[in-house]
Amino acid sequence: MKSSNDPGAARTRLSISAGVASVLVAGFLVALKLWALAETGALSIAASLADSALDLVMSLGAAVAIVYAARPADDDHAFGHTSAEDLAALAQSAFILTSAGLIGWTAIRRLAADTPPRLASEGAGLAVMVISIVLTLGLVWWQGRVAKRTGSKVVAADRLHYLGDLLPSLGAILALLVSSAFGIGSIDAVVALLAAAVMAVGALRIGKDAWDALMDRAADPAILDGIAEIARVWPGVRGFHDLKTRRAGSRVFVNLHIELDGDQSLREAHAIGASLRRAILAAYPHADVIIHKDVHSD
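Throughout what follows, the structure given in this document is the object of discussion. Starting from 1, residues in each chain are numbered consecutively following that chain's sequence as written. Only residues with pLDDT of at least 70 get local features here, since the model is predicted, and only at 80 or more are side-chain atom pairs given and counted; chain-wide, interface and lining totals rely on the full set of residues. To obtain the side-chain values, all non-hydrogen atoms of the structure were used and water was disregarded.

Each pair of strands is called paired provided DSSP finds at least two bridges between the two strands. Numbering of helices and strands runs from the N terminus, with a helix taken as a DSSP run of H or I at least four residues long and a strand as a DSSP run of E at least two residues long. One open sheet holds the three strands; their spatial order is β1-β2-β3, and the pairing between them is mixed. Each edge of the open sheet is held by one strand with a lone partner, namely β1 (239-248) and β3 (287-295). Here the strands of the sheet are splayed against their neighbours by 15° on average, with no regard to which way each runs. Across eight bridges, the pairing between β1 and strand β2 (residues 251-260) is antiparallel. Across the sheet, residue Arg247 finds its bridge partner in β2, namely Val252. Contact definition: two residues touch when any of their heavy atoms are within 4.5 Å. Working convention: axes come from line fits to C-alpha atoms, limited for helices to the stretch in contact. Angles between N-to-C directions cover 0 to 180 degrees. Running over the sheet, helix α8 (residues 266-283) touches β2 and β3 and is turned about 150° from β3.

Set out below in structure tokens:
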């Protein structure tokens, strides 16, 4: 059982707090926007509602992933449980694409109609969207603090997603203002169509990233170059080879063979490998590093 003063446990608790806050905010906004959609009939609010529903699903997935990924490796999962994050992200991307397609199709039908429907209760819709933006900004602020203190990529990714969600909310406010001031209902469908396009692009990006991780794609070339540079200049390391990486969720798994002087003691060789591993972890805290020691051949 880890001590309550353990830094890793403290970071996990902070990350979970951000996940719980995300779920609560998303759930409240889904209920609020459902009411606003029933009152106004605005497609732009429907787009924002779909986005908030996606947020709720993603936040639940992120919270579960944070807890599940924090579990230590066991006999059945020798490399840990972080791939759960990628499986959740793949499912989320499919949900986003479906939502974007439905909203986009409805928006096109409204634009093609002879008399686009007028929106109603614009004031109520505006109030809901302003509340949505204020709550989202508060959540983003807290997630930013947690991500900075814990280094959690799950929380950081969730924060970026919520930042992107501000676009549909601002678009819905624009559509409601134009409809209220000028009686132009078609702007609502245009905003919804743009929001659907943004959602689709985001879905494809999330899906590709998750797919790459599940297919054991190598880490970012910048990470590979950074690890290589650390190993290249490390005292006692005569050379290195077979630097391999793969990603799973927020973790990067690193395998590296270093070449050492064969005449030195096992204790000295171990100390060089251990210090190099600590240096790599200091530069990339979410890495899981295995270093193999080989005898350098002149």
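Let's pick the thread back up.
Only protein chains enter the accessibility calculation, which uses a 1.4 Å probe. A residue is then buried if its area is under 20% of the maximum for its type, exposed if over 50%, and partly exposed in between. By the criterion of burial, β2 is predominantly enclosed, with seven of the 10 residues buried. By the bridge criterion, nine bridges tie β2 to β3 in an arrangement that is parallel. Residue pairing in the sheet places Glu259 in a bridge with Asp294 of β3. Since β2 and β3 lie parallel, the crossover through α8 that links them has a hand, and here it is right-handed. By definition, the crossover connecting two strands over a helix is right-handed if that path, from the first strand to the second, turns clockwise as seen with the strands pointing away from the viewer.

Ring pairs shown here join Phe, Tyr and Trp side chains whose ring centres sit within 6.5 Å, with only the six-membered ring taken for Trp; geometry is labelled stacked below 30 degrees between planes, edge-to-face above 60, and tilted in between. In this structure the tally under the stated criterion is one aromatic pair. Charge-over-ring placement is defined geometrically: NZ (Lys) or CZ (Arg) within 6 Å of the ring centre, and within 35 degrees of the ring normal. Of note, Arg246 hangs over the ring of Phe253, and the distance from its end group to the ring centre comes to 4.4 Å.

Each helix should span, by expectation, one fewer than its residue count multiplied by 1.5 Å. Between its first and last C-alpha, helix α7 (residues 221-232) extends 16 Å over 12 residues, near the 16 Å set by a 1.5 Å rise per residue. Within α7, the full set of buried residues consists of Ile223, Gly226, Ile227, Ala228, Ile230 and Ala231.

Here the focus is the packing of α7 against α8. Look at α7 against α8: their axes get within 10 Å of each other, and the N-to-C directions meet at 145°. Relative to α8, the crossing made by α7 is right-handed. Contacts between α7 and α8 involve Ile227, Ile230 and Ala231 from the former and Leu276, Ala279, Ile280 and Ala283 from the latter. Its residues placed into classes, the contact of α7 with α8 shows seven nonpolar, no polar and no charged. Each crossing gets its handedness from the near helix: less than a right angle anticlockwise from the far helix is left-handed, clockwise is right-handed. For this scheme, ten residues count as nonpolar: Ala, Val, Leu, Ile, Met, Phe, Trp, Tyr, Cys and Pro. Four count as charged, namely Asp, Glu, Lys and Arg, and the remainder, Gly too, count as polar.

In this section: the nonpolar core. The nonpolar side chains of a soluble globular protein tend to be buried, and buried together. As used in this record, nonpolar core signifies buried Ala, Val, Leu, Ile, Met, Phe, Trp, Tyr and Cys residues forming a set joined through side-chain atoms within 4.5 Å. Judged by nonpolar contacts, the single largest core of 19 residues is most densely connected at Ile258, Leu276 and Ile280. Listed by contribution, the elements that provide at least two residues to this core are α7, β2, α8 and β3. The residues touching Leu276, leaving out its near neighbours within four places in the chain, are Ile230, Ala231, Trp234, Val237, Leu256, Ile258 and Ile291. One finds Met58, Ile103, Ala196 and Ala203 within the second-largest nonpolar core, a separate group that totals 15 residues.

Within the fold, Gly273 resides in helix α8. The buried category is assigned to Gly273, whose relative accessible area is 4%. Separated by 17 residues in sequence, Gly273 and Ile290 have C-alpha atoms that sit 9.4 Å apart.

Moving on, we come to the side chain of Glu259. Along the chain, the position of Glu259 falls in strand β2. Buried and unpaired, Glu259 has Arg238 as its nearest opposite-charge partner, separated by 8.6 Å. Between N or O atoms, a polar contact is any pair within 3.5 Å; within protein, one atom must be a potential hydrogen donor and the other a potential acceptor, and residues adjacent in sequence are included only when both atoms are from side chains. There is a polar contact of 3.0 Å between the side chain of Glu259 and the side chain of His241. Within this scheme the basic residues Lys and Arg register as positive and the acidic residues Asp and Glu register as negative, but His and the chain ends are omitted. What counts as a salt bridge is simple: a side-chain nitrogen of Lys or Arg found within 4 Å of a carboxyl oxygen of Asp or Glu.

A word on the pattern of salt bridges. Overall, the coordinates contain two salt bridges when judged by the stated rule. Glu229 is the salt-bridge partner of Arg232, the closest N and O atoms lying 2.8 Å from each other. Residue Arg232 and its partner Glu229 are located together in helix α7, separated by three residues, close to a single helical turn. The closest approach of N and O atoms between Asp261 and Arg238, which form a salt bridge, is 3.4 Å.

Everything listed here is a matter of geometry and, on its own, says nothing about what the molecule does.
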